[in-house]
Amino acid sequence: MTTHKFGVVEGDITTSGCIICNNVGTYTNGYPQVHLGQLTMNAHRYVYQLLHGKIPPRLDVMHSCDNRECVNPAHLCLGTRKQNMADAVAKGRVPRGQLSGMSKVTEASVREIRELASNRVPQRRIALRYDISQAAVWKILNGLTWRWLQ
Ligand SMILES: [Zn+2]
């Protein structure tokens with residue numbers, strides 16, 4: 001494997017041409033995070049900015065390869081958040097319920113949350129367990145979110 005270096009990010013190139021970030025310690029929503037002093041940002045955004053300058057407001061750096069860990073500049077392009085989400089849904093990356101800003105919750109965890117609640121586990125404890133707000137738990141249990149999931 002060939003190692004590529006972009007600033008503080010290092011990655012190995014795969015057979016598909018993706019450069020998988022390999023020197024990051026943390027991930028948010030599957031995106032490797034770069035730590036620059038106080039600032040934390042997604043590795044692919046960092047690499048894009050390094051090469052192209054500041055990302056215009058309200059634009060996202062999208063992956064043409066769909067690989068969140070990829071930092072290959074050739075696989076990164078700018079798009080609006082709306083395009084990015086539409087693209088993700090079209091490609092099946094984001095289950096419907098996760099569009100509502102509750103990305104930590106998956107279909108499986110919604111089922112578990114309902115199960116826990118039916119076993120009288122307090123909403124506060126459920127919230128802590130899934131690292132979401134109590135309001136988010138309440139919304140799930142009351143069908144304000146994830147209603148479509150039976
Ligand atoms: Zn890629």
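The rules we used
Residues numbered from 1 in each chain as written. Predicted model: local features only at pLDDT ≥ 70, side-chain atom pairs only at ≥ 80, totals over all residues. Helix = DSSP H or I, 4+ residues; strand = E, 2+ residues; numbered from the N terminus. Buried ≥ 20, exposed ≤ 12 C-beta atoms within 10 Å, placed from the backbone. Contact = placed C-beta atoms within 7 Å. Core = buried A, V, L, I, M, F, W, Y, C linked by C-beta atoms within 7 Å.

J.: Just to check I follow, could you spell out the environment of T40 for this structure?
T.: Summarising the element assignment, T40 is placed in strand 6 (residues 39–42). Residue classification places T40 among the exposed positions, given that 12 C-beta atoms sit within 10 Å. Between the C-alpha atom of T40 and that of T26, which follows or precedes it by 14 residues, the distance is 9.9 Å. Apart from the residues lying within four places of it in its own chain, the contact partners of T40 are Q33 and H35.

J.: Just to check I follow, could you spell out the nonpolar core for this structure?
T.: Considering soluble globular proteins, one finds that nonpolar side chains tend to be buried as a cluster. Counting residues in hydrophobic clusters, the biggest one holds 13 residues, and the most contacted among them are V9, C21, V34, A43, Y46, V47 and V71. Of all the secondary-structure elements, those providing two or more residues to this core are strand 3 (19–21) and helix 1 (43–52). In terms of residue count, helix 1 provides more of this core than any other element does, four residues in total. Setting aside residues up to four positions removed in sequence, C21 forms contacts with V9, G11, P32, A43, E69 and V71. Counting eight residues, the second-largest nonpolar core is a separate cluster that includes V105, I113, I140 and W146.

Any link to function would need more than the numbers given here.
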